[in-house]
Amino acid sequence: MSARALGKIIIQKVLTENVHIKHKLAANVRLLSTPSGIYEYINVTKTGSNGSVGLIQLNRPKALNALCNGLVNEVGQALDILEADSSVGAIVITGSEKAFAAGADIKEMANKTYSETYSENFTQNWARVSTVRKPVLAAVNGFALGGGCELAMMCDIIYAGETAKFGQPEILLGVLPGVGGTQRLTRAIGKSKAMEIVLTGNQVPAQEAEKMGLVSKIFPVDQLVNETVKIAEKIASNSQLANAAAKECVNVAFETTLTEGLHFEKRMFHGCFATKDQKEGMAAFIEKRKANFTNE
Ligand SMILES: CCC/C=C/C(=O)SCCNC(=O)CCNC(=O)[C@H](O)C(C)(C)COP(=O)([O-])OP(=O)([O-])OC[C@H]1O[C@@H](n2cnc3c(N)ncnc32)[C@H](O)[C@@H]1OP(=O)([O-])[O-]
């Protein structure tokens, strides 16, 4: 089958069974593929007005989007492409209604030895998500467990469907979270709650996760992706330079003292005055018109 025919089938799949992209958004969907061909474990499209939102949908339904090495590599490739595409201002990562991702692929890693994990530097390819400079939003329906919860936490904003469930059940497998679960969870919700989740392996419903501060907002299951794309579209309409600088500042808040963080933020703010987008944004306000940012 030709790549074009395969592409058509995948687009149709995206439109009909996957992520409830409504007609307005679907009209903008364009298929993206790797340099070497079509993805096996994910669907990647550009959506929103002018294709300004990159949408990555994890698509390994039989294994509840378990994060095998191939899937994680594909997410990395897609992020490279979307990061390099100047027409994309924000990225959304989602799964299916049943599962965002049920964790790292247990079957794939069950027989690994310590020397293999150490020499391969197992999980190093997961880090790509957290190094993306454009805003990344997670739209979580269903299970976000283990590495799935960690993947969501690598994103900048987490939105959840009403029936989403978060958890770090690695302890039940005789291990512990390995791609940031203990660290990001503790920073997000504090020691006691994080410890409870990590040590019990219990699943936390979306409503509870929202109260703890892990989730920013909850939407009905069938509206989650649409609503997340809408917010991503709004973010994508900002200056990409200002977005990246603001994201850097918020992330620095996790890594440094308040004094250092305030200093860094002030310097980044000063830096904005070197951009055309600052001139355009402020002129647009004064002239009572919409800003037309050029990311310069
Ligand atoms: C690496 C960095 C550190 C991260 C570590 C981790 O994430 S450790 C992981 C932490 N995560 C966990 O411990 C969660 C493990 N998963 C579960 O506990 C349950 O699947 C469930 C509660 C999510 C859903 O229950 P349910 O009764 O609705 O569904 P079901 O159970 O019938 O599953 C359907 C199919 O999906 C398959 N599959 C699912 N997950 C995985 C996986 N992670 N792997 C592989 N396969 C997985 C499952 O085997 C089955 O396939 P089969 O056998 O029919 O060919």
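Residues numbered from 1 in each chain as written. Predicted model: local features only at pLDDT ≥ 70, side-chain atom pairs only at ≥ 80, totals over all residues. Heavy atoms only, no water.

Some words on the packing of aromatic side chains
- Across all of its chains, the model carries 3 aromatic pairs by this definition.
- When the ring of Tyr114 is compared with that of Tyr118, the centres are 5.7 Å apart and the planes differ by 15°; the resulting orientation is stacked. Placement of both Tyr114 and Tyr118 in helix H5 (residues 114-120) is noted, with a separation of 4 residues, approximately one turn of the helix. The exposure classification of Tyr114 matches that of Tyr118, with both residues exposed. (Phe/Tyr/Trp six-rings, centres within 6.5 Å; stacked < 30°, edge-to-face > 60°. Helix = DSSP H or I, 4+ residues; strand = E, 2+ residues; numbered from the N terminus. Buried < 20%, exposed > 50% of the residue type's maximum accessible area, 1.4 Å probe, protein only.)

Here we look at the site of the ligand
- With respect to spatial proximity, 23 residues lie near the ligand, and among them Lys98, Ala102, Ala104, Ile106 and Gly147 are the closest.
- Look at the ligand: alone it shows 1,000 Å² of surface, and the protein chains cover 66% of it.
- Elements supplying a minimum of two residues to the shell around the ligand: helix H4 (106-109), strand S7 (143-145) and helix H7 (147-154).
- In terms of residue count, the dominant contributor to the shell around the ligand is H4 (3 residues).
- Here the shell around the ligand is built from residues that sort into 12 nonpolar, 5 polar and 6 charged. (Near = heavy atom within 4 Å. Areas by Shrake-Rupley, 256 points an atom, 1.4 Å probe, with all protein chains shown as cover. Nonpolar A, V, L, I, M, F, W, Y, C, P; charged D, E, K, R; others polar.)

Regarding the sheet that holds strand S5 (residues 99-101)
- As summarised here, the arrangement of the 4 strands in space is S5-S7-S9-S10, forming an open sheet in which the pairing is mixed. Across the chains shown, the open sheet's two edge strands, defined by having one partner strand only, are S5 and strand S10 (204-205).
- Relative to S10, strand S9 (residues 165-167) is paired through 2 bridges, and the arrangement is antiparallel. Each residue of the ladder has a partner; that of Phe166, found in S10, is Val204. (Pairing = 2+ DSSP bridges.)

Re the nonpolar core
- Core analysis: the largest hydrophobic core is formed by 50 residues, its most contacted members being Ile42, Ile56, Leu58 and Phe166.
- With 6 residues, the top contributor of residues to this core is helix H3 (residues 69-84).
- Not counting chain neighbours up to four residues away, the residues in contact with Ile56 comprise Ile42, Asn43, Val44, Val75, Ala78, Leu79, Leu82, Ile91, Val92, Ile93 and Thr94.
- One finds Val53, Leu137, Val229 and Ala236 within the second-largest nonpolar core, a separate group that totals 14 residues. (Core = buried A, V, L, I, M, F, W, Y, C linked by side-chain atoms within 4.5 Å. Contact = heavy atoms within 4.5 Å.)

Structural notes on the confidence of the model for the protein
- In the predicted model, the protein carries a mean pLDDT of 91, and the fraction of residues at 70 or more is 88%.
- Counting interchain partners and residues more than four positions distant, the pLDDT-below-50 stretch residues 1-30 has 52 contacts.
- In the predicted assembly, ipTM is 0.98 and pTM is 0.90. (pLDDT = per-residue confidence, 0-100.)

Considerations on the pairing of strand S4 (residues 90-94)
- Along S4, 5 of the 5 residues are buried, which leaves the element largely enclosed by surrounding structure.
- The alternating pattern of S4 places Ala90, Val92 and Thr94 on one face and Ile91 and Ile93 on the opposite face, and all of these are buried.
- Pairing geometry for strand S3 (residues 53-58) and S4, over 5 bridges, is parallel. Of the residues in S4, the one forming a bridge with Val53 is Ala90.
- Since S3 and S4 lie parallel, the crossover through H3 that links them has a hand, and here it is right-handed.
- Relative to strand S6 (residues 136-140), S4 runs parallel, the two sharing 4 bridges. By the bridge assignment for S6, Ile93 is matched with Ala138. (Right-handed = clockwise from strand over helix to strand, strands pointing away.)

Regarding the pairing of S3
- The element S3 is extensively covered by neighbouring structure, given that 6 of its 6 residues are classed as buried.
- Along S3, one buried face is formed by Val53, Leu55 and Gln57 and the opposite face, lined by Gly54, Ile56 and Leu58, is buried too.
- In the sheet, strand S2 (residues 42-47) pairs with S3 via 6 bridges, with the strands oriented antiparallel. The residue bridging Val44 from the neighbouring strand is Ile56, located in S3.
- Where S2 folds back onto S3 in an antiparallel hairpin, the turn is made up of 5 residues, including Gly48, whose phi is positive at roughly 75°.

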